[in-house]
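Structural characterization, general
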Amino acid sequence: MKPKRLLQKLFYLTLYLLSSLAIASVQPPIDLSTETSTDRNYYTLNDVNDSFSIDQFLYHTGSTFDWQQHSGDVTQGVLTHPVWMRFQITNSDTKQQQYLLEYTDPGPYRIDMYMVTHRDEIESQYHYHREKPIAEKPYPNPGAVFPITLHPGEERTVYARIEHKMGGLFSQFSIWRPHHFIKHETIETALYGGVYTSFFIFSFIALVIFFATRDRVFLLYSGLTFTSAISLMNLDNHWGIFFQPSGVSINNAVIWTGAYLFMALAFAREYLKLSTLLPWASKLTLTAMWIGPLIISLGLLGYTEIAGMLMMSSMGVILLVPFIALYLWLAKKQNVRLFTLAWFIYGTAICIQFALRQVGLVPHLPITIYSGAIGAMIEMCLLTASMGYRVLDLKRERDHALKSHVHQLEQFSAELENQVIKKTKELEQAKEQAEYEARTDPLTKLSNRRAFNEQAPKLIKSTLRNKATLCAIAIDIDHFKKVNDTHGHDIGDKVLIEVANALSNMTRDNDILARIGGEEFIVLATTNDQYGAVDLGERIRLAIEQLNIDIDQATPLKTTISIGLYTINQPEKVATILRKADAALYQSKMNGRNQVTAWEMNQKVG
């Protein structure tokens, strides 16, 4: 082959290879129907002086811009200036034209998005601002979501200006079909709602326990869970959708994060008893606590970027706490295992979401985006369990103090025992004794009117249910006032006691015997019929008549009783039964006393 022809073939071969490489380096547009994100191929441009506009990119053809091509690497680092993003999209689905582009990080402050045709004309534009009402955002969602309409086969170039006020900046949009996004958002909102609700429940329970125990740890824990929930709601931009759809200032997130940092360190310092166990750590955490009010002050003054940087740097302080707890656990033998584990998990999760992910040390993935909320939930569950153990510790301390107090009292009184259990038994016995005395006549030890009124309905009901007969026997000691006037009240009391003892001997265990007045008694007893009731009344009357009461005189004192009977064959109120028995008793007194009278149908009841 001639050299000239050989060179010609080599030239064409080289030209072919170069053209092939050039074609291979040009990647096709992102297909909305098949891709799930824009991170396959995109360009970014740092707007260091915040001076670029969409018009410059489209109409200043002679200008050169330092666009950087990327694939997959979406973390741009912590930046104080906006970043422009550019990518091309197409649609190969003949049935689907509507799509949503969602900025995958919940923290952007502002995003301006432009859809540009192949003629460099702006077809549509959307402007997202974090602080605007939800109704004024491109899509009714607290996050940055942009509706895209793209017909099959069309290609568009998307420009997006992304601005953050605090934390890192990312360059990734997720691609959604609208119905899939709605389903995703519904599930996510429900999960976040469950997390926030759990936090508020933890906070409320801790507050209740604080008022019950007056242990300041529970008050600080209540503040910790509350500020943690509010802080996460503002950082993840959920406060607006739950409570303030009219728009939320980004400074809310700064202020509540500062409050959370203060409460977290205050709780850790109190829970770990650092002022007693580790004075140097107590001073360190006390100093670090004031980073929280500093962040709050910066947020109130509007220095959001500075506050954001300080928030990220404060994550190191949060991570210091579990190492202090670990030292107390291993070196000081303190029971803080759950606390240590909880803070390691949460500190790591927070650092992943708000520090390592922001600077690109960990990938920008759903698990890292939501790691703060996941870690917070795990931490609160573990801390709640830890606080439960603290309640048990407080109970043990209280029991120990009570036992010590009882032991001291034993030195002054032999009646006190050295165990809390016996003290509890004594209290129970005292309660039983009080209930007994409330239902017992103190002189005769018989049941009183209150006990009779409680017991009588049960006996009446059970007797009538068994088709048996019940009789009420009203008893009054004859001329009892004369006994008191003649011999004195001491002898009168002795007469009452002797009569009560005699009546007790005349009644059965299942009968009810009670003293219902000064010298008045009542017996409720089962019997065969009215004749049996009269016979029982006569035996009772005769027993009292034959009673000899010793009063330290030569002749024993004699006494008699009058009795009124009423036979019960159907359910009646206790008050009605007593009135009828009293009416019969009154008749016995009117007829001369020391006799038994049965109530009759035509007898008047008072």
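Residues numbered from 1 in each chain as written. Predicted model: local features only at pLDDT ≥ 70, side-chain atom pairs only at ≥ 80, totals over all residues. Heavy atoms only, no water.

**Brief notes about the overall build of the protein**
A tally of helices and strands in the protein yields 20 helices and 17 strands. In terms of overall size, the protein is more extended than a compact globule, its C-alpha atoms giving a radius of gyration of 46 Å where 606 residues would be expected to give roughly 25 Å. Once the C-alpha set of the protein is aligned to its principal axes, its extents read approximately 165 × 65 × 55 Å. Put simply, the protein has 606 residues, and 47% of those count as buried. In the protein, of all internal contacts separated by at least 6 residues, the share reaching a separation of at least 24 is 70%. Here the protein displays about 31600 Å² of accessible surface, and carbon together with sulfur accounts for 57% of that area. Charge-centre separation for the protein: the mean point of 57 positive side chains lies 3 Å from the mean point of 59 negative side chains. (Helix = DSSP H or I, 4+ residues; strand = E, 2+ residues; numbered from the N terminus. Rg over C-alpha atoms; globule rule 2.2 N^0.38 Å. Buried < 20%, exposed > 50% of the residue type's maximum accessible area, 1.4 Å probe, protein only. Contact = heavy atoms within 4.5 Å. Areas by Shrake-Rupley, 256 points an atom, 1.4 Å probe, with all protein chains shown as cover. Lys, Arg positive; Asp, Glu negative; His and termini not counted. Charge placed at Lys NZ, Arg CZ, Asp CG, Glu CD.)

**A word on a nonpolar patch on the surface**
A cluster of nonpolar side chains, Ile201, Phe204, Ile205 and Val208, forms an exposed patch at the surface whose accessible area comes to about 380 Å². Within the secondary structure, isoleucine 205 is located in helix α3 (residues 178–213). For isoleucine 205, a relative accessible area of 42% corresponds to the partly exposed category. (Patch = residues over 30% accessible without salt bridge, like charges linked within 9 Å, V, L, I, M, F, W, Y side chains within 5 Å. Salt bridge = Lys/Arg side-chain N within 4 Å of Asp/Glu carboxyl O.)

**Quick word on the sheet that holds strand β14 (residues 512–515)**
Across the sheet, which stays open at both edges, the 5 strands sit in the order β14-β15-β13-β16-β17 with mixed pairing between neighbours. Pairing within the sheet leaves two strands with one partner each, and these edge strands are β14 and β17 (596–598). Strand-to-strand, the axes of this sheet are offset by a mean angle of 20 degrees, without reference to chain direction. (Pairing = 2+ DSSP bridges. Axes fitted to C-alpha atoms, helices over the stretch in contact; angles between N-to-C directions.)

**As for the nonpolar core**
Counting residues in each nonpolar core, the largest one holds 63 residues, and the members touching the most others are Tyr221, Phe267, Leu272, Phe339 and Trp343. Among the elements that line this core, the one with the most residues is helix α6 (residues 251–271), at 11 residues. Counting residues in hydrophobic clusters, the runner-up holds 31 residues, among them Ala502, Leu547, Ile549 and Val596. (Core = buried A, V, L, I, M, F, W, Y, C linked by side-chain atoms within 4.5 Å.)

**Re the side chain of threonine 104**
Looking at where threonine 104 falls in the secondary structure, it is placed in the loop between β6 (98–103) and β7 (110–116). In this structure the side chain of threonine 104 is engaged in a polar contact, spanning 3.0 Å, whose partner is the side chain of glutamine 172. When sequence neighbours within four positions are dropped, the list of residues in contact with threonine 104 reads Gln172, Phe173, Ser174, His364 and Ile369. (Polar contact = N/O pair within 3.5 Å; in protein donor to acceptor, adjacent residues only side chain to side chain.)

**A word on the confidence of the model for the protein**
Here the protein averages 84 in pLDDT, while 92% of its residues score no lower than 70. Taken element by element, the protein is modelled with least confidence in helix α1 (residues 3–25), mean pLDDT 47, and with most confidence in β7, mean pLDDT 95. (pLDDT = per-residue confidence, 0-100.)

**Describing the environment of leucine 557**
Relative to the helices and strands, leucine 557 resides in the loop between α19 (530–545) and β16 (561–568). For the pair formed by leucine 557 and arginine 539, sequence separation is 18 residues and the distance between their alpha carbons is 20 Å. Beyond its immediate stretch of four places on either side in the chain, leucine 557 contacts Val483, His487, Ile491, Val495, Leu547, Asn548, Ile549 and Ile551.

**A few points about the sheet that holds strand β12 (residues 173–176)**
Strand order in the open sheet made by the 3 strands is β9-β6-β12, with antiparallel pairing throughout. Each edge of the open sheet is held by one strand with a lone partner, namely β9 (145–149) and β12. Taken pair by pair, the neighbouring strands of this sheet meet at an average axis angle of 25 degrees, ignoring direction. Inspection of the sheet shows β6 paired to β9 by 5 bridges, in the antiparallel sense. Looking at β9, one finds that tyrosine 99 is bridged to isoleucine 148.

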